[in-house]
Each structure stands twice: as C-alpha cells, then as structure tokens.
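A closer look at the structure
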Amino acid sequence: MRYIITIFLCLLSCASISAQEPAFFYATMTVHHAEELSKDAPNEIEIIATYRNEAAVRLTPTGSHKLHDRILTHGPGYIHRNSEEDAISAIRKSNNRSESNTRATANFSITEDVVVIPTLDLIQTQNIEDHIIELENYGTRHHSSSTGTQAAIDLKEKWEAMALFYNRTDVSVRLFDHTNTGMPSVILTIEGAEFPDEYVIVGGHLDSTSNQNSTNNAPGADDDASGIATITEATRALFEIGFVPKRTIEVMAYAAEEIGLVGSNEIASEYAANNIDVIAVSQFDMTLLNGSSNDVSFITDFTNSDLTSYMMSLLDHYNTEAPHQVTYSTSVCNYGCSDHASWTEQGYMAAFPFEANFGQHNNQIHTTGDTFSLTNTASHATKFAKLCAEFLIEVAKNDNTALSTDDIIASSIFVTIADNILTYDLSSTTKDIIGIRLYSIEGKEVANVSNISKQDQIRIAPLSTGVYIASFISQDNTNITKKLIVK
Ligand SMILES: [Zn+2]
C-alpha cells in the first residue's frame, strides 16, 4: 500500500514539475560558456555540436539558472531553441551576425526637424517614472507567474486607452501568444499611411526575473520596466504631436526574454517566415541607471553597424545642446543579451542603445534590489525616450500635411501667441496676405481671421497649451505655414 501511495505521490509531483519545467530544452550559447558550465555542472548540460565560437546544447532548467548566475551578462546568456535541429542550424547559419543583414533596403535620412523638435519638448520624465513604479508593483513579472501574464493584459489596456485618449483610429493593440511560454507579448501598431507594408519597430521586454525563480520578488525596475516605460512615453509624445507615420510603426513588449529571448524569437521568426518587410528595429532594455560618463552606449555585437551609426547621427543632429543633450559611446554586451539578437538573427537591421558601457550597468538586475528607488529619477531614461521618438519619426517619416511647414519661407516671418494675443509680422514677404487660419496639431481649425494686414496683433479665443500651425493665406493660394507653441 505504501508502495502504491509513493508511486501515486511521485506521479502527482512529477506531473506538476514537468508541467512547469521540462527536464531539458535546447539552446545555443558561446562555446566558452558551454565548456565552463560543463565543468561546473556536468549533469546539467550536454554539448551537441559546436561551430566556430557557438555551441548547440541540451540544457536543464537548473543548468540555465547556473549559467545565468555565473556569467556576467545582462540577458540570459543563451538563446532558447525549439529542437535539436533548430539549435544546430542556428549555429551553422550564424556567420558574423552583426553584418549578415540581407533584408535592409531603406535609405536612412534626417529630414523631419519640424516634427521631431517640438516632440522632444513633449516627453515627460514623470510619465516614465510613474510607469516604472506601476510595473514594479506587480511584485514579479516572471514569464511563468500569473502577475507576468496580468502585466501583459494590463499593458494592452493601457496602450489602448492612450490611443483612445488621442483619438487614434489608426492604432491597434494585440496580444501575441507564444509556444514556449504562457505569457503573451504585447504589440501596438500604428498603421502606415503611405507604406503600410514597411515596418519600423521598437521594443523592450516586459518580463522580469530574480534568480530565475517565478515566485521571488522581481521588481525589474531597470530590467526592463524602464525600457517599456521609455518606448511608451515616446509613443505617447508621437500621439500628442499628431504624428502620422508613412510606414507602419510597431511598439513591442516582449514576453520571456529572461529565459532565452523566447518572446522576441517567436515574433521575429514569424515575421521572417511571412516575409514581413521590417526596415529597422531598436531595442530598449535598461535605460534607468546612468553608470558611465556618456549617456548612451550603443551595443556593437549582434547589431547592425549602419543602423547604429544612423542612430548616432540622430543624436548628432538633435541632441548636441541642453535641454536635449545626449552623449554616446559604444560597448559590447555578449551572447543573447537582449531581444535585438532575435531580429538580427532573422536578417533584419537592429540596434541597441544601452544605459551604460557594459560592466558599468546596474549591478542589481535579476535581484530583489532592482527597484526605482535606486535612482529615484527617470531623467536618464528620458534621453532614451527622445532617441526613440527621433528614430520612429525619422525612419517612418511624416505623412501629416498639416505638419509640413516650409521652414525656409517660414523662418523669414514672425508669429507668436501670448496671453490670447496673436502677434505676427510678414513684412519680409512680397506675398499679398488675405487671411490667417490657426490649426491644432490634430488639424482642427481653432481660429480664422480674414482681411488682415502684413503685421498686426489679433485677440483670439484662449487656447490650451500645445503645438499649433499658423497658415497665412495668400492671394495666389501659395500659403505660408508656421508652427508655434502655446505655453
Ligand atoms: Zn533585460
């Protein structure tokens, strides 16, 4: 009888263990890490094949935790694979991954000053701080915890509410269900007005971990609530300015990054299998702690160097002076350190601006100590939100004609609004001006005055703070438009 009970108990406990954690899974990692782990824990890892500096392995969950804890890496240090064949073909396929991109077709340029510059003023550090604390308060966002899944469901609602608040009918939010984790990823899509089949993607990971345990408190404030809050605030600022992208923008909160880039890997694989034309991807994973003398460290491994230097050009163009100054350097981050690697592996162009030079980053990550109180400000993350907005606007490009002001002509005229008085001076233009119309950034007419002279002061109805477009109507129908900010 006792024998039967023992078997019965074993069956129960074995079943519950196998439901949570398989006995082993397949993965790839560096040969160096695989060999080191084999020495430490020979029963937890089996090296199946090696090719150059990568190994395909069979790994137990215990082995993956040991690897995670012992190596100095930001992410898991390995990439989860679906099968032995997948693991072996992945290491054979990789051939200097950082430069193997074959899909890139875009011509990267910097032309959208008229949209980007006012957007930078709209990015609010407070919103990033509030969002980080909101995510920290789940206790854990471990991919196998119920709170991790709840965080994904709640983020979908938050993003939907944000789109609704700004009346964005071109925005949708969906959950992306996965095979290798119960936690879904969240994807916000702004449909491109002109080239909807061309995608520009920014992402971060929503899951957190603390010693790879699903029940430990895992606040993950920096890793990676900060990235999710950063891309959310950049997106909100795009909505506030009324930016309508020509290309489709997707904002992604990946599930299960901490167990081998599982969420991003399944998404990037599906996009590649469906031949989706992704122009460029940027990862935002850890933006909170300012650990180095420069603000942004561009990760140079598993990323595309052309895209990385383009993002540096964005900072050179938009962020050389206060209050928007951002300095940068480069660093390496090692194998499988974040979700950019999933896109790079599928041949897409990916970049990864990181919070510090590798090694000077937050040393509390993957512990209960990764909390917002460590910095008590998201001022560092704000710089990444600005870079994120610049990247999205410049790669997706603007399709909103209300925002397309002719700055060469407009720079020669003067117009301002203060205390409900619109003051303008068009004396430098030879045009016959017959009227002025004032539009909100969403394109709604807020004032319309005809029979005006070339310079005057006009009392107008009170306006809420924000960006407006003044359009001076000329006799020959070649209007002069100029953007202005009401404070
Ligand atoms: Zn991370």
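Residues numbered from 1 in each chain as written. Predicted model: local features only at pLDDT ≥ 70, side-chain atom pairs only at ≥ 80, totals over all residues.

1. A few points about the overall build of the protein chain
The cut-off we apply is this: Under the DSSP-based scheme used, a helix requires at least four consecutive residues in state H or I and a strand at least two consecutive residues in state E, with every element numbered from the N terminus. Here a residue counts as buried when 20 or more other C-beta atoms fall within 10 Å of its C-beta, as exposed when 12 or fewer do, and as partly exposed in between; the C-beta atoms come from the backbone. Think of it this way: build a C-beta for each residue from its backbone, and any pair within 7 Å is a contact.
Within the protein chain one finds 13 helices and 20 strands. Across the 487 residues in the protein chain, those meeting the buried criterion constitute 47%. For the protein chain, restricting intrachain contacts to residue pairs at least 6 apart in sequence, the fraction spanning at least 24 positions comes to 79%.

2. Here we look at the packing of helix α5 (residues 113–122) against helix α8 (residues 221–241)
To describe two helices that pack against each other, one gives the angle between their axes and the distance between the axes. Under the convention used in this document: Comment: axis = line fitted to C-alpha atoms, over the contacting stretch for helices; angle = value between 0 and 180 degrees taken between N-to-C directions. Note on angle classes: values under 35 degrees are labelled roughly parallel, values over 145 roughly antiparallel, values of 65 to 115 roughly perpendicular, and the remainder oblique. Handedness of a helix crossing follows the sense of rotation of the near helix relative to the far helix, less than a right angle counterclockwise being left-handed and clockwise being right-handed. Residues are grouped as follows: Ala, Val, Leu, Ile, Met, Phe, Trp, Tyr, Cys and Pro are nonpolar; Asp, Glu, Lys and Arg are charged; every other residue, Gly included, is polar.
The interhelical angle for the contact between α5 and α8, taken along N-to-C directions, is 120°, at an axis separation of 9 Å. Between α5 and α8, the angle is such that the two are oblique. Considering the relative orientation of α5 and α8, their crossing is right-handed. Only A237, L238, E240 and I241 of α8 make contact with α5, whose side of the interface consists of V115, P118, T119 and L122. By residue class, the composition of the contact of α5 with α8 is six nonpolar, one polar and one charged.

3. Digging into the confidence of the model for the protein chain
Just so we agree on the cut-off: Values of pLDDT, which run from 0 to 100, indicate the predictor's confidence residue by residue.
Mean pLDDT over the protein chain: 87, with 89% of residues reaching 70 or higher. Within the model, pLDDT remains below 50 along residues 1–19, and this stretch shows zero contacts once partners closer than five positions in the same chain are excluded.

4. What about the sheet that holds strand β10 (residues 296–299)?
Hydrogen bonds between backbone atoms are what pair the strands of a sheet, whose relative direction is either parallel or antiparallel. How we decide: For two strands to be treated as a pair, DSSP must find at least two bridges joining them.
Strand order across the open sheet formed by three strands is β11-β10-β13, with mixed pairing between neighbours. Edge positions in the sheet fall to β11 (328–331) and β13 (353–354), since each of these pairs with one other strand and no more. In terms of strand pairing, β10 meets β13 through two bridges, oriented antiparallel. Opposite F298, over in β13, you have P353 as the bridge partner.

5. With respect to helix α2 (residues 31–40)
To be explicit about the condition: Note: the arc covers the axis-to-C-beta directions of the helix.
When α2 is considered as a whole, its buried residues turn out to be H33, A34 and L37. The buried side chains of α2 occupy one side of the element, clustering within an arc of 100° when seen end-on.

6. Some remarks on the environment of I276
Tracing the backbone through its elements, the reader meets I276 in the loop between α9 (262–273) and β9 (277–283). Put simply, I276 and D197 are 79 residues apart on the chain and 7.4 Å apart in space, counted from C-alpha to C-alpha. Beyond its immediate chain neighbours, meaning those up to four positions away, I276 contacts Y199 and Y271.

7. Let's talk about the nonpolar core
Operational definition: When buried Ala, Val, Leu, Ile, Met, Phe, Trp, Tyr and Cys residues are joined through C-beta atoms within 7 Å, the set is termed a nonpolar core.
Counting 124 residues, the largest nonpolar core has C388 and L392 as its most contacted members. With 11 residues, the top contributor of residues to this core is helix α12 (residues 379–396). When sequence neighbours within four positions are dropped, the list of residues in contact with L392 reads V200, V202, A234, L238 and I249.

8. Some thoughts on the sheet that holds strand β14 (residues 414–418)
Across the sheet, which stays open at both edges, the three strands sit in the order β14-β15-β18 with antiparallel pairing between neighbours. Of all strands in the sheet, those bounded by a partner on one side alone are β14 and β18 (455–459). Looking at each pair of strands side by side, their axes are set apart by 10° on average, direction ignored. Strand direction decides the pairing type here: strand β15 (residues 421–425) and β18, joined by five bridges, are antiparallel. Paired with I421 across the bridge in β18 is R459.

9. Some details on α5
Within α5, the full set of buried residues consists of V115, V116 and T119. The buried residues of α5 occupy an angular sector of 90° when the element is viewed end-on, so they sit on one face. Its buried side turned inward, α5 meets α8, α10 (305–318) and α12.

10. Considering unusual backbone geometry
At the junction of D223 and D224, the peptide bond is cis and its omega measures out at 0° in the coordinates. Relative to the elements of secondary structure, D224 occurs in helix α8. Omega for the bond connecting A322 with P323 falls within 30 degrees of zero, at 5°, which places this linkage in the cis form. By secondary structure assignment, the location of P323 is in the loop between α10 and β11. Even without glycine at this site, N334 takes up a positive phi of about 80°. When you line up the elements, N334 lands in the loop between β11 and α11 (340–345). When the 18 C-beta atoms within 10 Å are taken as the criterion, N334 is described as partly exposed.

11. Digging into the packing of α8 against α12
Two elements in contact, α8 and α12, have axes separated by 8 Å at closest approach and are oriented at 50°. The angle between α8 and α12 places the two elements in the oblique class. Where α8 crosses over α12, the two elements pack in a sense that is right-handed. Of the residues in α12, those in contact with S226, A229, T230, I231, E233, A234, A237 and L238 of α8 are A381, F384, A385, C388, A389, L392 and I393. Tallied by class, residues from the contact of α8 with α12 come to 12 nonpolar, two polar and one charged.

12. Remarks on the environment of S297
In this fold, S297 is placed in strand β10. Residue classification places S297 among the buried residues on the basis of 23 C-beta atoms within 10 Å. Spatially, the C-alpha atoms of S297 and F352 are 8.3 Å apart, while their sequence positions differ by 55 residues. Here S297 is in contact with S292, S329, T330, S331, F354, A356, N357 and F358, once residues within four sequence places are set aside.

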